[in-house]
Amino acid sequence: MTRLENRRFLKMHGAGNAIVVLDLRCTELVVRAEEARAIAGHPRSGFDQLMVIHDPRSPGTDGFMRIYNTDGSESGACGNGTRCVAYAMLDDPAMARPAENGRLTLETKAGLVEVKRVAHTSFTVDMGRPRLKWDEIPLAEPFPDTRRIELQIGPIDAPVLHSPGVVNMGNPHAVFFVERDPDGYDLGRIGPMLENHPIFPERANISVAQVTGPDTIKLRVWERGAGLTLACGTAACATLVAASRLRMLGRHATVSLPGGDLVIEWRADDHVLMTGPVALEWEGFLSPELFARVD
C-alpha cells in the first residue's frame, strides 16, 4: 500500500516536455523511487519529469520541489517542469496560493529558482549560474578547459560525435555540436551509452546541437534517467552557454527542440534565463492499481 493513492495530479507539458505536477504540501509524504516509476508507467500519468511540491524549507520561498525522472532517480533542476509548477501554484484552483506580481521563489536540492509570469501561459525561469569547472559538473578526471573535453563515440579516425562542451545547470550536460541536422544522429542508441560513460560519475544529459544562425540553435536531447524527450529546459540552457563559450554565437538564442522553442539568455550577471510556454492537458487521480506491486 502507498499513501499516494487517490492523490490529485496535473498532466502538463512545457514545450513538449511531459510533466506531472503533484502537490504534497501540508503532508509528510515523500515519493519513493518505486512509486515514481509506477506513476511513470501508466499512460495517463506518464511523464518525463514528476514535479512534487512540498512545503517551503527556507524563509521567503514559496515551496520546495523534488524532481523525479522516469527511472525513479532524482534531478536537481528541470526548467520546463518549473514553469508548469509555477502555473499550477498560480492558477490551479486546488494548488494556487497567493503570490506577488506573478512571481515565485522555489527551492530544489540544486538551489533557489526564481520564476515570473510573462504571459498567461508563458514564464521566465532564472536557472541560476552555470557551473563550468570539471569537479562541479562533475567529471571523473580533471579537464582544465571544459569548453571541449576528450570524449568521442565511433571509430577513432572518423568519430560519429566528439569533443562535447560540458556544463552543469543543476544537472550534468554534455553538448555535441554538429554541422548537419541533429535528426540524422541515432540519439536513441548513442544517448544511453554516453549517459553512462565512466567520465560522468553522476551520469549526464546528452545533447546534439546545430547552430543554425546568429541567434538560433536546433537541439535534440537524451535525458539522464528519462531517455529521448521532446524538450529539456536545462539542456537548452547548457547548450546556449556551451555555444557562447566557443564563440559560436552570442549570449541570447532561440533553441528549437522537437516539442517547441525556448528563448535562452545568459545575462551579464552570469544567470541563465529561460522563457517558454506551458500547457495543461488534464487532471487526474493516482489510482490504487498503479501501486499494486509497490511495497
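This section reports on the structure supplied with the text.

Some words on helix α4 (residues 233–245)
Working step 1: For α4, which comprises 13 residues, the first-to-last C-alpha distance of 19 Å matches the rise-based estimate of 18 Å (1.5 Å per residue) to within 8%.
Working step 2: When you tally the buried positions in α4, you get 12 out of 13 residues, the bulk of the element.
Working step 3: Where α4 is concerned, the buried positions are G233, T234, A235, A236, C237, A238, T239, L240, V241, A242, A243 and S244.
Working step 4: Positive backbone phi, at 60 degrees, marks R247, one or two positions downstream of α4.

Structural notes on the state of the cysteines
Working step 1: Overall, the coordinates contain 0 disulfides when judged by the stated rule.
Working step 2: Free cysteine C232: the closest other cysteine sulfur is in C78, separated by 6.8 Å.

Things to note about the pairing of strand β4 (residues 63–69)
Within a regular beta strand, the side chains point alternately toward one face of the sheet and then the other, so they alternate between its two faces.
Working step 1: Of all 7 residues making up β4, 7 are buried, and the element is well covered by its neighbours.
Working step 2: Of the two faces of β4, the one holding G63, M65, I67 and N69 and the one holding F64, R66 and Y68 are both buried throughout.
Working step 3: Examined bridge by bridge, strand β3 (residues 49–54) and β4 share 6 bridges and lie antiparallel to one another. Residue V52 lies in a different strand from β4, and its bridge partner there is R66.

Describing unusual backbone geometry
Working step 1: Here the amide bond leading from I137 into P138 is cis, since omega sits at -15 degrees, within 30 degrees of zero.
Working step 2: Assignment of secondary structure puts P138 in the loop between β8 (122–126) and β9 (152–153).
Working step 3: Backbone geometry at N6 places phi at a positive 70 degrees, although glycine is not the residue there.
Working step 4: Following the sequence through the fold, N6 ends up in the segment before β1 (8–14).
Working step 5: The class of N6 is partly exposed, set by a relative accessible area of 49%.
Working step 6: Residue C26 is not a glycine yet carries a positive backbone phi of 65 degrees.
Working step 7: By secondary structure assignment, the location of C26 is in the loop between β2 (17–23) and α1 (33–40).

Scoring rules and cut-offs
Residues numbered from 1 in each chain as written. Predicted model: local features only at pLDDT ≥ 70, side-chain atom pairs only at ≥ 80, totals over all residues. Heavy atoms only, no water. Helix = DSSP H or I, 4+ residues; strand = E, 2+ residues; numbered from the N terminus. Expected span 1.5 Å × (residues − 1). Buried < 20%, exposed > 50% of the residue type's maximum accessible area, 1.4 Å probe, protein only. Disulfide = S-S within 2.5 Å. Pairing = 2+ DSSP bridges.

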